[in-house]
Structure formats: C-alpha cells, structure tokens
Amino acid sequence: MSRIAKRSVSIRGHRTSVSLEEPFLEELEAIARRRKMSLAALIAEVDARRDEESNLSSELRLYVLHDLKARASRVC
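Overview of the structure. Values in this document were obtained by computation on a predicted structure and should not be read as measured data. (Residues numbered from 1 in each chain as written. Predicted model: local features only at pLDDT ≥ 70, side-chain atom pairs only at ≥ 80, totals over all residues. Heavy atoms only, no water.)

### Considerations on helix 1 (residues 22-34)
Stage number 1. An ideal rise of 1.5 Å per residue puts 18 Å on 13 residues; helix 1 measures up with 18 Å between its terminal C-alpha atoms.
Stage number 2. Among all positions in helix 1, only Leu25, Glu27, Leu28, Ala30, Ile31 and Ala32 are buried.
Stage number 3. In this structure, the buried side of helix 1 is in contact with strand 1 (4-11), strand 2 (14-21), helix 2 (39-49) and helix 3 (56-75).
Stage number 4. Lys36, located one to two residues past helix 1, shows a positive phi value of around 55 degrees. (Helix = DSSP H or I, 4+ residues; strand = E, 2+ residues; numbered from the N terminus. Expected span 1.5 Å × (residues − 1). Buried < 20%, exposed > 50% of the residue type's maximum accessible area, 1.4 Å probe, protein only. Contact = heavy atoms within 4.5 Å.)

Structure representation (structure tokens):
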C-alpha cells in the first residue's frame, strides 16, 4: 500500500496543499523535470485548467494518468 504524501505549494500567491500517494507525487515530479519546470508551476498549471468544483489532488492523479497513457501510446 502506498503512503499518502502531503505537499504544500504556492499557487498564484496563496498556499495550498495536496495529498497524493507517493507514486503519483514521484510521477508529477518526473513530469515537471521533463518539462523543465518546478513542481509548483506544474501544479499551478493543472489547477488553472480544472473545474472549480473538482478536487485538485484528484485532478493531479488524472493528469498523471493522462500523461502516462499518452507516452505509452507513442511507444506502441
């Protein structure tokens, strides 16, 4: 079972935190490195695109899933 990691970030001048399982957080960090941006900048980008009523942590998990699926389809 994966542990939940809580990470505090600053998004557009206000502090917030996200709670993600460690594998999701590790993959978000890898995506940020590939895109040559900070983790906070990547989280802010996902936050800016999400529906106001959706949960940021859930949106981040879906972002990771979408990224992994897109990269997997390029390999096949």
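Having seen the model, we can carry on.
### What about the pattern of salt bridges?
Stage number 1. The tally for this structure, following the rule as stated, stands at 10 salt bridges.
Stage number 2. With a shortest N-O distance of 3.9 Å, Glu27 and Arg34 are connected by a salt bridge.
Stage number 3. For Arg35, the salt bridge identified is with Glu45, shortest N-O distance 2.8 Å. Separated by 10 residues along the polypeptide, Arg35 in the loop between helix 1 and helix 2 and Glu45 in helix 2 bring together distant segments of the chain.
Stage number 4. Looking at Arg35, the relative accessible area reads 38%, which means it is partly exposed.
Stage number 5. In the salt-bridge network here, residues are joined through shared partners; they are Glu27, Arg34, Asp67 and Arg71. (Salt bridge = Lys/Arg side-chain N within 4 Å of Asp/Glu carboxyl O.)

### Some remarks on the pairing of strand 1
Stage number 1. As defined by bridge partners, strand 1 adjoins strand 2 across 8 bridges and the pair is classed as antiparallel. Looking at the pairing, Arg7 lines up with Val18 of strand 2.
Stage number 2. Hairpin connection of strand 1 to strand 2: 2 residues between the antiparallel strands, including Arg12 at a positive phi of 50 degrees. (Pairing = 2+ DSSP bridges.)

### What to know about the side chain of Ser57
Stage number 1. Relative to the helices and strands, Ser57 is located in helix 3.
Stage number 2. Look past the residues within four positions of Ser57 in its chain and what remains in contact with it is Val18, Ser19 and Leu20.

### Overview of helix 3
Stage number 1. Under the 1.5 Å per step criterion, the end-to-end length of helix 3 is 29 Å for 20 residues, consistent within 8% with the ideal 28 Å.
Stage number 2. Taken together, the buried positions of helix 3 are occupied by Leu56, Ser57, Leu60, Tyr63, Val64 and Asp67. End-on view of helix 3: buried residues confined to an arc of 115 degrees, all on one side of the axis. Those residues of helix 3 that are exposed and angled more than 90 degrees off the buried face are His66, Lys69 and Ser73. (Arc of directions from axis to C-beta.)

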